[in-house]
Amino acid sequence: MMPFEMTGEVIAIVGLAGVAGWVLTTWLRIKHGYPLENSWGKAVYPKDSEERVKLLTQENAQLRAELGSIKDRLGNVERIVTDSGYALTHEIETLRDRQEAN
């Protein structure tokens, strides 16, 4: 083979590898829900985006409800800790620990 003949084959192989990479990248983006890009670089979302928005809205509502529940529980714990009875119990336990140490 002459060097000029081999150059054409190498260019063809590199071109095919580039196209195959582009196809694989596009397929992976679609599979995992990432937006595609048009020729100007703007995001183009798949057609099932309406269903995806509904699912995300439901998940967001569930997470907000769970967060509200956690805030209520944390408020109860703060109330217990700042309660004067808790402070008195803590002082009694501290005195007992000192007495046992002596």
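Scoring rules and cut-offs
Residues numbered from 1 in each chain as written. Predicted model: local features only at pLDDT ≥ 70, side-chain atom pairs only at ≥ 80, totals over all residues. Heavy atoms only, no water. Helix = DSSP H or I, 4+ residues; strand = E, 2+ residues; numbered from the N terminus. Buried < 20%, exposed > 50% of the residue type's maximum accessible area, 1.4 Å probe, protein only. Areas by Shrake-Rupley, 256 points an atom, 1.4 Å probe, with all protein chains shown as cover. Patch = residues over 30% accessible without salt bridge, like charges linked within 9 Å, V, L, I, M, F, W, Y side chains within 5 Å. Salt bridge = Lys/Arg side-chain N within 4 Å of Asp/Glu carboxyl O. pLDDT = per-residue confidence, 0-100.

A.B. asks: Sorry if this is basic, but what is going on with the overall build of the protein here?
C.D. replies: On a plain count of helices and strands, the protein comes out with 3 helices and 2 strands. Of the regular secondary structure in the protein, the N- to C-terminal order runs α-β-β-α-α. Evaluated residue by residue, the protein yields a buried proportion of 0% over its 102 residues. In the form shown here, the protein has an accessible surface area of approximately 9,700 Å², with 62% of it arising from carbon and sulfur atoms.

A.B. asks: Where do I start with a nonpolar patch on the surface in this structure?
C.D. replies: Among the surface-exposed residues, L74, V77, V81 and Y86 lie close enough to one another that they form a single nonpolar patch of about 370 Å² accessible area. When residues in the nonpolar patch are grouped by element, the largest group, 3 residues, is from helix α2 (residues 49–82). With respect to the helices and strands, the residue L74 is situated in helix α2.

A.B. asks: I keep staring at the confidence of the model for the protein and nothing clicks. Help me out?
C.D. replies: Averaged over every residue, the pLDDT of the protein is 82; the share at 70 or more is 87%. The spread of mean pLDDT over the elements of the protein runs between strand β2 (residues 43–44), the lowest at 70, and α2, the highest at 88.

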